[in-house]
Amino acid sequence: MDTKTQEHSFLHIDDKSQLTAWWLITICFALWGVASNVTTPMVGSFSKVFRITAGEASLVSFVYHLGYFCVAIPAALLIQKYSYKWGIVAGLILFAIGTVAFVPSRWIGDYYPFLSAYFVMTCGLSFLQTSCNPYVYCLGDRHHGILRVNASQTFNALGTLGGWVLAREVFSRLSPIDAQQRMAMPIQQFEAIKDHDLGVMIQPYIVMGIIVVAIMALVMVVKIPEPATIRVSRNLRDRIKLLVANKNYRDGVVAQFCYVGAELMCWTFIFQYGIRIFTAEGMTEQACMQEVQKFTFLSLLFFTIGRICSTWLMRWFSASRMLAFAGVAAMVGIVGTILFTDRNGLYCLIIVSGCMSLMFPTIFGISMEGLGDHIKVGSAGQIMAILGGSLFPTLQAIIASSGITLLGVPSINVSFLLALGCFGVVTWYGHQAYVRFRLNPTDAADDDADKLSIPTPIE
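As the structure is a prediction and not an experimental result, all values here were calculated from the model. (Residues numbered from 1 in each chain as written. Predicted model: local features only at pLDDT ≥ 70, side-chain atom pairs only at ≥ 80, totals over all residues. Heavy atoms only, no water.)

**Things to note about the packing of aromatic side chains**
Right, on to step 1. Applying the stated rule across the entire model yields 19 aromatic pairs.
Right, on to step 2. A ring pair is formed by F29 and W32, whose centres lie 4.5 Å apart and whose planes are at 40°; its orientation type is tilted. Pair noted here: F29 and W32 are both in helix α1 (residues 16-39), with a separation of three residues, about one helical turn.
Right, on to step 3. Looking at F29, the relative accessible area reads 0%, which means it is buried.
Right, on to step 4. Judged by centre distance (5.1 Å) and plane angle (45°), the rings of W164 and F297 are tilted. Of this pair, W164 sits in helix α8 (residues 145-173) while F297 sits in helix α15 (residues 285-313); the two residues are 133 residues apart in sequence, bridging distant segments of the chain.
Right, on to step 5. The exposure class assigned to W164 is buried, which follows from its relative accessible area of 11%.
Right, on to step 6. Assessed through its relative accessible area of 28%, F297 is described here as partly exposed. (Phe/Tyr/Trp six-rings, centres within 6.5 Å; stacked < 30°, edge-to-face > 60°. Helix = DSSP H or I, 4+ residues; strand = E, 2+ residues; numbered from the N terminus. Buried < 20%, exposed > 50% of the residue type's maximum accessible area, 1.4 Å probe, protein only.)

Pasting the structure below:
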């Protein structure tokens with residue numbers, strides 16, 4: 001039976017098996033969105049449940065981003081030697097092992113086995129991101145690769161929103177006893193409450209593990225076509241040298257590093273930013289948290305809506321120009337966040353979330369332009385750039401806790417200057433990409449290569 005069909009009007013995929021593979025792989029994007037947004041809020045819970053310091057609890061975030069950094073290159077080498085399919089399978093296996101490891105970690109009842117489980121799980125997510133992003137980019141017409149990555153990442157945004165809802169449900173079932181009361185408890189009573197809370201906290205991961213195993217079984221049995229490429233006989237060192245010498249790719253990694261840092265800063269410090277505002281309004285601590293959660297939900301909702309809209313608009317507008325425009329809009333929003341000392345600053349952060357929606361997949365896609373078969377190793381550099389989500393929030397925390405003021409605004413507002421700088425880098429990259437690929441196309445990759453089966457030159 002002929003598998004060819006009419007070209008898909010939106011994704012520009014002209015093969016049934018490829019379209020089936022796109023839908024199946026896109027489910028993975030939603031899965032790591034759920035995992036990310038369930039994990040991030042766990043930092044505060046671990047601090048309370050284990051009676052540890054906030055610094056120790058923050059190791060969850062550090063380990064989470066470290067996993068992305070450590071295995072991106074091994075993931076790229078695996079898909080280079082075998083196929084994208086086996087890179088995806090390896091990622092799902094590690095993801096499943098990490099989620100299953102939460103069960104014995106709960107039995108042990110110690111904090112550090114949980115960190116190990118998070119690290120293994122995140123290694124799986126790194127494999128998935130390193131494999132899935134370039135796969136959907138290469139799957140059809142290469143001129144619409146950025147659009148396909150954005151379309152798949154839309155499901156990641158939906159997963160992120162779902163993860164927030166799931167995390168809120170988990171928190172509602174935890175014991176309401178605060179950290180100070182737990183510190184004063186007899187050990188037996190504390191252990192009983194801790195065991196209850198850990199049992200609640202691991203439930204989302206167990207469910208994710210079951211779903212991951214089911215997806216892995218489907219990936220194993222369903223045909224996952226390998227995009228046609230010509231093998232480039234170069235070792236890893238030579239590939240990395242070529243990629244580093246490619247200005248578009250090199251700048252893209254820097255822009256991604258800054259973007260992920262800005263995203264984490266905006267979504268992490270919205271809590272401290274909002275609590276300061278609501279406390280000044282005279283709200284109680286519990287009322288402050290409830291109000292901040294509403295604004296957090298609105299931020300994620302705007303992010304999801306923005307990704308859907310930007311993917312739709314990308315059918316007609318240049319991805320690089322849209323990236324630059326979104327960067328400028330985000331910078332304007334951050335300026336408002338810095339200068340306003342009331343709820344208007346929170347509304348500005350919500351607008352910034354909408355602007356951020358297209359940035360990760362668009363930066364990724366633009367940086368892959370002209371790489372040919374080098375895209376497999378190139379994707380690893382983009383995933384390693386996620387480490388920016390560990391560095392920049394740490395620097396912001398130092399500024400926010402320093403007590404420094406600028407033009408009369410408090411230190412938490414001043415700390416968003418870091419995000420302003422990061423969005424400036426993203427804006428600059430979008431503009432440079434527009435000049436390179438739209439205004440001066442002869443300076444970019446060879447546009448005569450209509451398919452990725454022809455390795456396009458690197459600058």
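**Observations concerning the nonpolar core**
Right, on to step 1. Of all hydrophobic cores here, the largest spans 126 residues; its most connected members are F46, C266, M359 and F423.
Right, on to step 2. By residue number, the principal contributor to this core is helix α7 (residues 111-138), which donates 13 residues.
Right, on to step 3. The contact partners of C266, leaving out residues within four places of it in the chain, are I334, L349, V352, M356, F416, A419 and F423.
Right, on to step 4. By size, the runner-up hydrophobic cluster in this structure holds five residues, among which are A75, A90, C123 and F127. (Core = buried A, V, L, I, M, F, W, Y, C linked by side-chain atoms within 4.5 Å. Contact = heavy atoms within 4.5 Å.)

**Some points on the packing of α8 against helix α18 (residues 359-367)**
Right, on to step 1. Running from amino to carboxyl end, α8 crosses α18 at an angle of 150°, the nearest separation of the two axes being 9 Å. One way to sum up the angle between α8 and α18 is to call them roughly antiparallel. Regarding α8 and α18, the two cross each other, and that crossing is right-handed. From α8, I146, V149, N150 and Q153 reach across to α18, where they touch F360, P361, T362, F364, G365 and I366.
Right, on to step 2. Partitioned by chemical class, the residues of the contact of α8 with α18 number six nonpolar, four polar and no charged. (Axes fitted to C-alpha atoms, helices over the stretch in contact; angles between N-to-C directions. Parallel < 35°, antiparallel > 145°, perpendicular 65-115°, else oblique. Left-handed = near helix turned anticlockwise from the far one by under 90°. Nonpolar A, V, L, I, M, F, W, Y, C, P; charged D, E, K, R; others polar.)

**Quick word on a nonpolar patch on the surface**
Right, on to step 1. On the surface, Y82, W86, L218, M220 and V221 cluster together into a nonpolar patch covering about 540 Å² of accessible area.
Right, on to step 2. The biggest single contributor to the nonpolar patch is helix α11 (residues 203-221), with three residues.
Right, on to step 3. Residue position: Y82 is located in the loop between α4 (59-81) and α5 (84-100).
Right, on to step 4. Y82 sits in the partly exposed class, given a relative accessible area of 49%. (Patch = residues over 30% accessible without salt bridge, like charges linked within 9 Å, V, L, I, M, F, W, Y side chains within 5 Å. Areas by Shrake-Rupley, 256 points an atom, 1.4 Å probe, with all protein chains shown as cover. Salt bridge = Lys/Arg side-chain N within 4 Å of Asp/Glu carboxyl O.)

**Regarding α11**
Right, on to step 1. When the terminal C-alpha atoms of α11 are compared, their 28 Å separation across 19 residues agrees well with the 27 Å that a helix rising 1.5 Å per residue should span.
Right, on to step 2. Looking only at α11, the buried set comprises P204, Y205, M208, G209, V212, I215, M216 and V219. Each buried residue of α11 lies within a common arc of 135° when the element is viewed along its axis, so the set occupies one face. Across α11 from its buried face, at more than 90 degrees, point the exposed residues I210 and V221. (Expected span 1.5 Å × (residues − 1). Arc of directions from axis to C-beta.)

**Structural notes on the side chain of S379**
Right, on to step 1. As for its placement among the helices and strands, S379 is situated in helix α19 (residues 375-384).
Right, on to step 2. In terms of polar contacts, S379 uses its side chain to reach the backbone carbonyl oxygen of K376, at 2.8 Å. (Polar contact = N/O pair within 3.5 Å; in protein donor to acceptor, adjacent residues only side chain to side chain.)

**Observations concerning the side chain of S299**
Right, on to step 1. Within the secondary structure, S299 is located in helix α15.
Right, on to step 2. Look at S299 and you get buried, because its relative accessible area is 2%.
Right, on to step 3. Contacts of S299, omitting those with residues within four sequence positions, involve W267, I270, L349, I350 and S353.

**Remarks on the packing of α1 against α8**
Right, on to step 1. Where α1 contacts α8, the two axes come as close as 6 Å, and the packing angle between them is 35°. Considering the relative orientation of α1 and α8, their crossing is right-handed. Across the interface between the two elements, W22, W23, T26, F29, A30, W32, G33, V34, N37 and V38 of α1 pack against R148, A151, S152, Q153, F155, N156, G159, T160, G163, W164, L166 and A167 of α8.

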